[in-house]
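# Residue-level structure breakdown
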Amino acid sequence: MTITLLPYHQDERLPDASFPLPGHDVVAVEPELPDGDVWQRVAALFEPVAAEVAGQIGKGSMPRVVSGDCLTAEAVLAGVQKAGVDAAIVWFDAHGDVHTTESSTSGYIGGMPLRQILGADTALLADRLGLRTLAEDRAVLVDARDLDPAEAEFLASSQVRRCAVDDVTLPPGPLVLHIDVDVIDAADLPGLKFPVGGGPSYDAVVASVRRIMATGRVAALDIACPWHPPQDGDGDVRARLLKDLLTA
């Protein structure tokens, strides 16, 4: 099993210790980044990820991608599409990730990828990757217990299906399964950049992922790890989590 690793949070190179993947065959994607704004730099990172995903599918493998933030899911979906697979998306996250550049008060671009997949601000990244955006009813948002008002307003009037971790209703056809590890309750996973309490347990999330993987319909798995560099004891639980998710 080959793991594609993009060791970045947006265009920031993260320490190797941020991604404990012992025992796995890891292909790290580290292209030279151009000058320009963050979207140009992220696009340069994501183009080889999309190519790697498409290539693995073409060889009959299911890509497994690990990175430092959720934007990478756009590259994974683009790669799946390049391989000729018309996939829906299942999005595990404590947050909505459905901001636009206009609705975001913080300007944090990691809060925008799902909305971009659904057709917002396509010139920033989707168009550069050749990503064909999805209809809202082809997206499932799992948990998302921490929403900004603009996100809640969008979701209330959208066709995006929302589910709890223990009761995920899947769209038909092939799937890209995206997991932001902060979907796990902050008490079970230390060191998250954007921790949210009151969420599902580590075991509940892993069990849910295993049920989805068991359908045989997952075309690609994308894992986002928005956590701080490990402190004492963090590395062990992170290594166990990545192993549990990657081998689900």
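Refer to the structure above for everything that follows.
Conventions we followed
Residues numbered from 1 in each chain as written. Predicted model: local features only at pLDDT ≥ 70, side-chain atom pairs only at ≥ 80, totals over all residues. Heavy atoms only, no water. Helix = DSSP H or I, 4+ residues; strand = E, 2+ residues; numbered from the N terminus. Rg over C-alpha atoms; globule rule 2.2 N^0.38 Å. Buried < 20%, exposed > 50% of the residue type's maximum accessible area, 1.4 Å probe, protein only. Contact = heavy atoms within 4.5 Å. Areas by Shrake-Rupley, 256 points an atom, 1.4 Å probe, with all protein chains shown as cover. Lys, Arg positive; Asp, Glu negative; His and termini not counted. Charge placed at Lys NZ, Arg CZ, Asp CG, Glu CD. Axes fitted to C-alpha atoms, helices over the stretch in contact; angles between N-to-C directions. Parallel < 35°, antiparallel > 145°, perpendicular 65-115°, else oblique. Left-handed = near helix turned anticlockwise from the far one by under 90°. Nonpolar A, V, L, I, M, F, W, Y, C, P; charged D, E, K, R; others polar. Phe/Tyr/Trp six-rings, centres within 6.5 Å; stacked < 30°, edge-to-face > 60°. Lys NZ or Arg CZ within 6 Å of the ring centre and 35° of its normal. Salt bridge = Lys/Arg side-chain N within 4 Å of Asp/Glu carboxyl O.

Each helix and strand counted, the chain has 7 helices and 10 strands in total. The C-alpha radius of gyration computed for the chain amounts to 16 Å, which stays within 12% of the reference 18 Å derived for 248 residues, consistent with globular compactness. Projecting the C-alpha coordinates of the chain onto the three principal axes gives extents of approximately 40 × 40 × 35 Å. Put simply, the chain has 248 residues, and 54% of those count as buried. When contacts within the chain are restricted to residue pairs at least 6 apart in sequence, those whose partners lie at least 24 apart make up 70%. Accessible surface, the chain: about 9,800 Å² in total, of which carbon and sulfur atoms supply 47%. Within the chain, the 37 negative side-chain charges are centred at a point lying 7 Å from the centre of the 19 positive side-chain charges.

Time to look at the packing of helix H6 (residues 202-213) against helix H7 (residues 234-246). Between H6 and H7, whose axes approach to 10 Å, the crossing angle comes to 20°. Considering the angle they form, H6 stands roughly parallel to H7. In the crossing of H6 with H7, the sense of the turn from one axis to the other is right-handed. Along the contact surface, H6 presents Tyr202, Val206, Val209 and Arg210, while H7 presents Val237, Arg240, Leu241, Asp244 and Leu245. In terms of residue class, the contact of H6 with H7 is built from 6 nonpolar, no polar and 3 charged.

The subject of this paragraph is the environment of Gly111. One can find Gly111 in the loop between strand S6 (88-95) and helix H3 (113-117). Owing to a relative accessible area of 11%, Gly111 belongs among the buried residues under this scheme. On a C-alpha basis, the gap between Gly111 and Leu71 in space is 8.4 Å, while along the polypeptide they are 40 residues apart. Ignoring anything within four residues of it in the chain, the contact list for Gly111 reads Asp97, Val98, His99 and Glu151.

Moving on to the packing of helix H1 (residues 38-58) against helix H2 (residues 72-82). Packed helices, taken two at a time, are described by their axes: the angle between them and the distance between them. For the pair H1 and H2, interaxial distance at closest approach is 7 Å and the crossing angle is 40°. The pairing of H1 with H2 is recorded here as oblique in orientation. Considering how the two elements wind past one another, H1 and H2 form a crossing that is right-handed. Judged by residue contacts, Phe46, Val49, Ala50, Val53, Ala54 and Ile57 of H1 engage Thr72, Ala75, Val76, Ala78, Gly79, Val80 and Lys82 from H2. Residues that form the contact of H1 with H2 fall into these classes: 10 nonpolar, 2 polar and 1 charged.

Looking now at the packing of aromatic side chains. Given two aromatic rings, one states the distance between the centres and the angle between the planes to describe the pair. Evaluated as defined, the whole model comprises 1 aromatic pair. Measuring from ring centre to ring centre gives 5.1 Å for Tyr108 and Phe194, while their planes differ by 50°; the resulting arrangement is tilted. Pair noted here: Tyr108 is in the loop between S6 and H3 and Phe194 is in the loop between strand S9 (175-180) and H6, with a separation of 86 residues, a long-range link. Between Arg240 and the ring centre of Tyr202, over which it is positioned, the NZ or CZ distance is 4.4 Å.

In this section: the pattern of salt bridges. Pairs may arise between side chains of opposite charge once their charged atoms sit close together. Counted according to the given criterion, the structure contains 7 salt bridges. Between Asp16 and Arg13 there is a salt bridge, with the nearest N and O atoms lying 2.9 Å from each other. Exposure remark for Asp16: the relative accessible area of 59% places this residue in the exposed category. The partly exposed category is assigned to Arg13, whose relative accessible area is 33%. Across the salt bridge formed by Arg145 and Asp143, the nearest N and O atoms sit 2.3 Å from each other. On the accessibility criterion, Arg145 (24% relative accessible area) is partly exposed.

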